[in-house]
Amino acid sequence: MGSGLNKAMTMAFASREAVSPSPRRQSQRRSTPLSRAVYQGFTLIELMVTLAVLAIALSVGVPTYQSLTAQSSISSAGNDLLAALALARSEALKRDATVSLQAVSAEASDTLGGGYCVVVGNPGNCSGSLIRRFGALNDALNVVISGGVSSVSFDGLGGLTNAGGGTRSMTICSDGLVGRQIDIAIAGRARLSDFSGC
């Protein structure tokens with residue numbers, strides 16, 4: 001019985017060697033020629049195709065992004081001016097006195113571009129009793145008040161004072177884009193809308 005057991009064990013061991021090779025045989029398999037090795041990474045063609053796709057995407061996306069940021073700048077300036085007009089009107093009502101939105105340094109083509117302020121009275125500049133000062137606008141924007149004036153004033157009842165009995169408008173423009181216009185009624189209420197005459 002012992003010899004049968006030895007014979008069975010020898011056969012089992014031999015079949016196991018056929019399934020899993022010895023460490024010596026494994027090391028011989030690892031030293032295969034380079035043509036059979038597996039490489040990882042990018043080929044030059046794959047890299048060039050990726051760069052070409054990226055360049056096309058940027059050439060389409062960058063001008064759109066620039067237009068979007070310029071339009072956002074116009075909207076932001078319009079909202080800031082609307083808020084400044086609301087502040088001037090509410091201060092006029094609160095103080096029961098004339099309060100004005102004045103240009104810091106008025107130019108014919110860009111009335112409020114250098115900055116503006118809300119002051120008590122109508123001194124013609126920001127040297128009066130200052131309520132709030134606003135910084136200069138983006139250089140690409142032009143802000144013009146209708147009538148060739150550099151201020152918008154409200155009386156103690158919140159009405160528009162320096163419009164000669166009419167209304168005032170302010171336009172915010174940038175070349176090639178849809179601008180914004182603020183229309184100020186004689187009662188002092190301001191309304192913001194799109195302006196296509198830039």
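This text gives an overview of the structure that appears in the document. (Residues numbered from 1 in each chain as written. Predicted model: local features only at pLDDT ≥ 70, side-chain atom pairs only at ≥ 80, totals over all residues. Heavy atoms only, no water.)

Focus on the pairing of strand E4 (residues 142–145)
- Residues Val143 and Ile145 line the buried face of E4, whereas the alternating positions Asn142 and Val144 sit on a face that is not buried.
- Across four bridges, E4 lies against strand E6 (residues 168–173) in antiparallel orientation. Counterpart to Val144 in the pairing with E6 is Thr171. (Buried < 20%, exposed > 50% of the residue type's maximum accessible area, 1.4 Å probe, protein only. Helix = DSSP H or I, 4+ residues; strand = E, 2+ residues; numbered from the N terminus. Pairing = 2+ DSSP bridges.)

Topic: the state of the cysteines
- Counting across every chain of the model gives one disulfide.
- Disulfide partner of Cys117: Cys126, at an S-S distance of 1.9 Å. A torsion of -105° about the S-S bond marks the disulfide between Cys117 and Cys126 as left-handed.
- Accessibility expressed as a relative area gives 0% for Cys117, which makes it buried. (Disulfide = S-S within 2.5 Å.)

Side note on the pattern of salt bridges
- Tallying each qualifying case throughout the model produces four salt bridges.
- Between Lys94 and Glu91 there is a salt bridge, and its shortest N-O distance comes to 3.2 Å. Of this pair, Lys94 and Glu91 both sit in helix H3 (residues 44–95), three residues apart, which is roughly one turn of that helix.
- Each of Glu91, Lys94 and Arg95 takes part in a single network of salt bridges with overlapping partners. (Salt bridge = Lys/Arg side-chain N within 4 Å of Asp/Glu carboxyl O.)

With respect to the environment of Gly166
- Among the structural elements, Gly166 can be located in the loop between strand E5 (151–154) and E6.
- Using a relative accessible area of 23% as the deciding quantity, one classes Gly166 as partly exposed.
- Considering only alpha carbons, one finds Gly166 and Ala185, 19 residues apart in sequence, at a separation of 7.6 Å.
- Those residues in contact with Gly166 that lie beyond four places of it in its chain are Leu160 and Ile186. (Contact = heavy atoms within 4.5 Å.)

By themselves, these are just geometric observations and shouldn't be taken as functional.
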